[in-house]
Each structure stands twice: as C-alpha cells, then as structure tokens.
Amino acid sequence: MINQENREEKILHPMNGIPMLLGLLAGIVIMIGIFAYGCVIGNAFLIVPGIVFGFIIFPIMLGGLKVINPNEASVYTLFGNYYGTINKAGFYWINPFCGAFNNTQLNNNSVSLDEKDSGTKVNVNLGFSKKVSLKAMTLNNDKQKVNDCEGNPIEIGVIVIWKVVNATKAVFEVDNYIRYISTQCDASIRQVARQYPYDISDEGDEKSLRGSSQEVAVELQKEIQKRVEFAGIEILEARIAHLAYAPEIAAAMLQRQQATAIIAARQKIVEGAVGMVEMALNKLSENNIVELDDERKAQMVSNLLVVLCGNKDAQPIVNSGTIY
C-alpha cells in the first residue's frame, strides 16, 4: 500500500460575491466619473486616482468573483502555495490573485471517456473547467483477462461507483486522479480474482467468483478503497458486471459443466426410477395381484429401469402367452 503524507484540507469561508460585485461596479463608475471630471478641469489629483482605481485596481478585484456550482469544489493556490478550498455552492469573492488548481486538467485537458488501451470508460465530462466534481461517477473497467486462484484464465469486468470527498488530496496527492483510480481498479481486480476460483469445488464449501458475487464485490470495494484512500476518493460500490472463462478454455469448461449437469440429472433419474420400481413391487405383493419368483422380479426390475431411465420412449410389446 502506498504511504503518503496526508494534506489537511483548508475550507475557505469567503465573502458573499453579490455585495462585493455591486460595490466594485459602483466604485468603477465613480472612479471613471472622477477621472472624466479631472480631465475636464485639468486636475491631476483627480485623474491619477481615477485611472488607478477605475481602470486597474477595481477591475483586478473583479477577478476575485467566483461561482461554485452544487456538488463542485475549487482548490485555490496563491503564488504556488495552497490557499484553500471552497466546496459549498454559491457566489463568492476571494483574493483575485488566487488561481484554481486541477492537475487533471493541466496534464490532460481532454481525458478520454473511452480509453482503447485499457478498455476503461469514465462517465465524467471534464471540459476545460478547473473545478473538481464531487458527484458520484461511474468507472466501467471493461473485460480484462486475469487468472483465478486455480490458474484458469478468465475474463472479468467491473463497474465502480466513486466520488471525490477531499478535493485537496485529489489534485495534490496524485498526478491525475481519474487515471489513477482506473489503474488501481485494474490492480485490485487482479488481486481479488486470484483469491477465488471461478466456480465452487465439488464439496461446495468454498467461495467463488460466480457463486459468491456479493462477497467478492465487498472484498473488491475494500481493496480499491485502501488504494485510493489517500487521494481523497471514496468507493461507493464495486460490482462484477462481466464474468466468463477466457475463449481458449471456454469450450472445454462448457463441456465439463455439461457433463456435470448430465451426471447430476442421471443420478436423480436413477434414484426416482429405483423408488418407483420398489413401489411397484410392493404394491403387487401387498394386493396379491401376481406371484413372482426372484427371476421374474429381476426381469421386471430390468424392464422398468429401461423404460424409466431410457432417453427414448419405450416401444411396448404385448405378451399374449404365459409369463412362464
């Protein structure tokens, strides 16, 4: 497990942006009026403040107005140092020299939603925003080939529901948190898959990927969570979406399953046939319908078992003579 120093998240409580916006607009209008009046009367003491505040300071301060949408967060830096995080929706004003930071955007402004190399799909549209989404997102790790605990190659696909719970860690602790969680999901799938067989054993006393999907999903969720905890990501759910044998052994395993099913079915048929034969002999004996010696009983048992256990319908033969 990766060991990283935890970065404490500093939640900012900035000023309401509406009063600041109105005040700055009013200040700009007043300073422009002072500048114009100073130009008319030729007074430098009015022109200089009008230029400095009306055209430089107040417009720069307008850059501190920030809009945070619901389920979004913005991480700000000031001259290369972490300044704080806003994770509450609203219209705010902060230091205009602060800049929103999101390394996922800086390193790759167009993170692919369908990466052909890894088969990973992420339903998040990053665009060019530097804000960090706090919404629940889906990562679909399509089919990948792994080995189960018995060494059989299998294909497994997993769907992971996740969200960012600490925007500061997400952008500072890893280079690209979206690609990071995708990579860690691949590693976790291999780690969990090799702990279980594809199917249960003959004794049926062990867990398997196919028969214990709920337990495997919980174990997978815990494994992924351990790997992405320090990046400020929470795994809400992880479940297997696709599970099958690899193509090279799928035919052989299918024959094995079919043989097992046929044997189990035959066993049930034989058990039922023996019971029916026993019941028939007992009824004939109790009702004194006919007296059969051991040889005739054996012949009758044989005939009944052939009829009851055969794959095809039996063709009746009418005996018009004596049975002896």
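Residues numbered from 1 in each chain as written. Predicted model: local features only at pLDDT ≥ 70, side-chain atom pairs only at ≥ 80, totals over all residues. Heavy atoms only, no water.

Q: Quick rundown of the nonpolar core? Include the residues and the values.
A: Val160, Trp162, Tyr177, Ile181, Ile224, Ile233 and Ile235 are the most contacted members of the largest nonpolar core, which has 38 residues in total. Elements that contribute at least two residues to this core include exactly strand E3 (72-78), strand E10 (137-147), strand E11 (153-164), helix H4 (167-172), helix H5 (177-193), helix H6 (213-228) and strand E12 (233-245). Dropping the residues within four chain positions of it, isoleucine 235 is found in contact with Val160, Ile161, Trp162, Ile181, Gln221, Ile224, Gln225 and Val228. By size, the runner-up hydrophobic cluster in this structure holds eight residues, among which are Leu12, Ile68, Tyr76 and Cys98. (Core = buried A, V, L, I, M, F, W, Y, C linked by side-chain atoms within 4.5 Å. Buried < 20%, exposed > 50% of the residue type's maximum accessible area, 1.4 Å probe, protein only. Helix = DSSP H or I, 4+ residues; strand = E, 2+ residues; numbered from the N terminus. Contact = heavy atoms within 4.5 Å.)

Q: Before we move on, can you summarise the side chain of threonine 85 with the specific residues and values?
A: Take threonine 85: it is sitting in strand E4 (residues 81-86). Residue class for threonine 85 comes out buried when judged on its relative accessible area of 0%. For threonine 85, the side chain forms a polar contact with the side chain of threonine 168, separated by 2.8 Å. Setting aside residues up to four positions removed in sequence, threonine 85 forms contacts with Glu9, Lys10, Ile11, Leu12, Ala73, Ser74, Val75, Ala167 and Thr168. (Polar contact = N/O pair within 3.5 Å; in protein donor to acceptor, adjacent residues only side chain to side chain.)

Q: Explain the confidence of the model for the protein to me, and be specific about the residues and the numbers.
A: Per-residue confidence for the protein gives a mean pLDDT of 77; residues scoring 70 or more make up 73%. Mean pLDDT in the protein bottoms out at strand E7 (residues 114-115), which sits at 47, and peaks at strand E5 (residues 90-93), which reaches 92. Confidence drops under a pLDDT of 50 for residues 1-5, and excluding neighbours within four residues, the segment shows six contacts in the predicted structure. Within the model, pLDDT remains below 50 along residues 106-118, and this stretch shows 20 contacts once partners closer than five positions in the same chain are excluded. (pLDDT = per-residue confidence, 0-100.)

Q: Any chance you could break down the pattern of salt bridges for me, citing the residues and the numbers?
A: Tallying each qualifying case throughout the model produces four salt bridges. As a salt-bridge pair, glutamate 223 and lysine 226 come within 3.6 Å of each other at their nearest N and O atoms. Here the residue glutamate 223 and the residue lysine 226 both occupy positions in helix H6, the gap between them amounting to three residues, near one helical turn. On the basis of relative accessible area, glutamate 223 is assigned to the buried category, the value being 11%. Note that glutamate 223 and arginine 227 form a salt bridge whose closest N and O atoms lie 3.2 Å from each other. Within this pair, glutamate 223 and its partner arginine 227 are both found in helix H6, separated by four residues, close to a single helical turn. The structure contains a network of salt bridges with shared partners spanning Glu223, Lys226 and Arg227. (Salt bridge = Lys/Arg side-chain N within 4 Å of Asp/Glu carboxyl O.)

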